[in-house]
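Structural overview
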Amino acid sequence: MIDARPPGSSSLRRTWSRAAPYWLSVLRIVAAFVFMAYGASKLFAFPSAILPGGMTARPATLPWTAAWLELAGGALLFLGLFTRPVAFLLAGEMAVAYFKFHLPKSFWPTVSGGVPAVLFCFVWLYLSAAGAGPWSLDAVLRRRKR
């Protein structure tokens, strides 16, 4: 039987398979960094204002609560600390954001502006199942317990 795979493809597959846990950590770090920027933008208008009129979220409102979840939860995910429960909580926050604010505008996330909410929801849901990866404080704490 003739092998139709390109030469070296099994070697490449092994290399990528070994790298997968590290790419999980990279996904977590990059997504958390972007997520924190959404929270900071709502709370401090930094790096830019994203709320209408360039305003910041007023204390004790839903946008203010969401912004703190995004900033603090994003920071915990960035560090990879308490990743599974924090990611699960933030996936729920993003689901609420989509169904409460985006879905009423349109079913299609590209029309309603809900693409970030949908993507963050499923990335956080994945991290709640997969964990933080090897480059995380969760991994450091797990190694120290042994």
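The present account deals with the structure reproduced in this document. (Residues numbered from 1 in each chain as written. Predicted model: local features only at pLDDT ≥ 70, side-chain atom pairs only at ≥ 80, totals over all residues. Heavy atoms only, no water.)

Here the focus is the overall build of the protein. A count of helices and strands for the protein gives 6 helices and 0 strands. In terms of overall size, the protein is more extended than a compact globule, its C-alpha atoms giving a radius of gyration of 19 Å where 146 residues would be expected to give roughly 15 Å. Dimensions of the protein along its principal axes, counting C-alpha atoms only, are 65 × 40 × 25 Å. Expressed as a percentage of the 146 residues in the protein, the buried residues total 34%. Taking the intrachain contacts of the protein between residues at least 6 apart in sequence as the baseline, contacts between residues at least 24 apart amount to 64%. When the accessible surface of the protein is totalled, it reaches about 9500 Å², and 73% of it is carbon and sulfur. Considering the protein, the positive charge centre built from 15 side chains and the negative charge centre built from 4 side chains are found 5 Å apart. (Helix = DSSP H or I, 4+ residues; strand = E, 2+ residues; numbered from the N terminus. Rg over C-alpha atoms; globule rule 2.2 N^0.38 Å. Buried < 20%, exposed > 50% of the residue type's maximum accessible area, 1.4 Å probe, protein only. Contact = heavy atoms within 4.5 Å. Areas by Shrake-Rupley, 256 points an atom, 1.4 Å probe, with all protein chains shown as cover. Lys, Arg positive; Asp, Glu negative; His and termini not counted. Charge placed at Lys NZ, Arg CZ, Asp CG, Glu CD.)

Attention now moves to the pattern of salt bridges. Counted according to the given criterion, the structure contains 1 salt bridge. Two residues, Glu70 and Lys42, come together in a salt bridge whose shortest N-O distance is 2.9 Å. In this pair, Glu70 sits in helix 2 (residues 62-79) while Lys42 sits in helix 1 (residues 9-44), placing the two residues 28 residues apart along the sequence. Residue Glu70 is classed as buried on the basis of its relative accessible area, which comes to 3%. Here Lys42 falls in the buried class, since its relative accessible area comes to 15%. (Salt bridge = Lys/Arg side-chain N within 4 Å of Asp/Glu carboxyl O.)

Here we come to the nonpolar core. Of all hydrophobic cores here, the largest spans 18 residues; its most connected members are Phe35, Leu77, Leu90, Met94, Phe120, Trp124 and Leu127. Counting only elements with at least two residues in this core, the list comes to helix 1, helix 3 (83-102) and helix 5 (115-130). Setting aside residues no more than four positions away along its own chain, Phe120 makes contact with Ala31, Val34, Phe35, Tyr38 and Met94. The next biggest cluster of nonpolar side chains, apart from the first, holds 5 residues, and it includes Ala40, Leu43, Ala67 and Leu71. (Core = buried A, V, L, I, M, F, W, Y, C linked by side-chain atoms within 4.5 Å.)

On to the side chain of Thr83. Inspection of the secondary structure assignment puts Thr83 in helix 3. Judged by relative accessible area, which is 1%, Thr83 ranks as buried. Among the polar contacts made by the side chain of Thr83, one reaches the main-chain carbonyl oxygen of Gly80 at a distance of 3.5 Å. One polar contact links Thr83 to Asp138, side chain to side chain, over a distance of 2.8 Å. Sequence-distant contacts of Thr83, defined by excluding residues within four places in its chain, comprise Arg28, Leu77, Leu127, Gly131, Ala132 and Asp138. (Polar contact = N/O pair within 3.5 Å; in protein donor to acceptor, adjacent residues only side chain to side chain.)

Here we come to the environment of Ala97. Looking at where Ala97 falls in the secondary structure, it is placed in helix 3. As for Ala97 and Ser17, which are separated by 80 residues in sequence, their C-alpha atoms are 34 Å apart.

Across its 16 residues, helix 5 extends 22 Å between first and last C-alpha, which sits within 8% of the 22 Å expected from 1.5 Å per residue. Of all the positions in helix 5, only Ala117, Phe120, Cys121, Val123, Trp124, Leu127 and Ser128 are classed as buried. Of the residues flanking the end of helix 5, it is Gly131, one or two places downstream, whose phi is positive at about 90°. (Expected span 1.5 Å × (residues − 1).)

Let's shift gears to a nonpolar patch on the surface. A surface patch of nonpolar side chains, about 730 Å² in accessible area, is lined by Val30, Phe33, Val34, Tyr38, Ile50, Phe78, Leu79, Leu137 and Val140. The class of Leu137 is partly exposed, set by a relative accessible area of 35%. (Patch = residues over 30% accessible without salt bridge, like charges linked within 9 Å, V, L, I, M, F, W, Y side chains within 5 Å.)

Bringing the packing of aromatic side chains into the picture now. Within this structure, the stated rule accounts for 10 aromatic pairs. Ring geometry for Trp16 against Trp23: centres 6.0 Å apart, planes inclined by 25°, an arrangement best described as stacked. Residue Trp23 is classed as partly exposed on the basis of its relative accessible area of 47%. Through a chain of ring-to-ring contacts, the aromatic side chains of Phe35, Tyr38, Phe120 and Trp124 assemble into a single cluster. (Phe/Tyr/Trp six-rings, centres within 6.5 Å; stacked < 30°, edge-to-face > 60°.)

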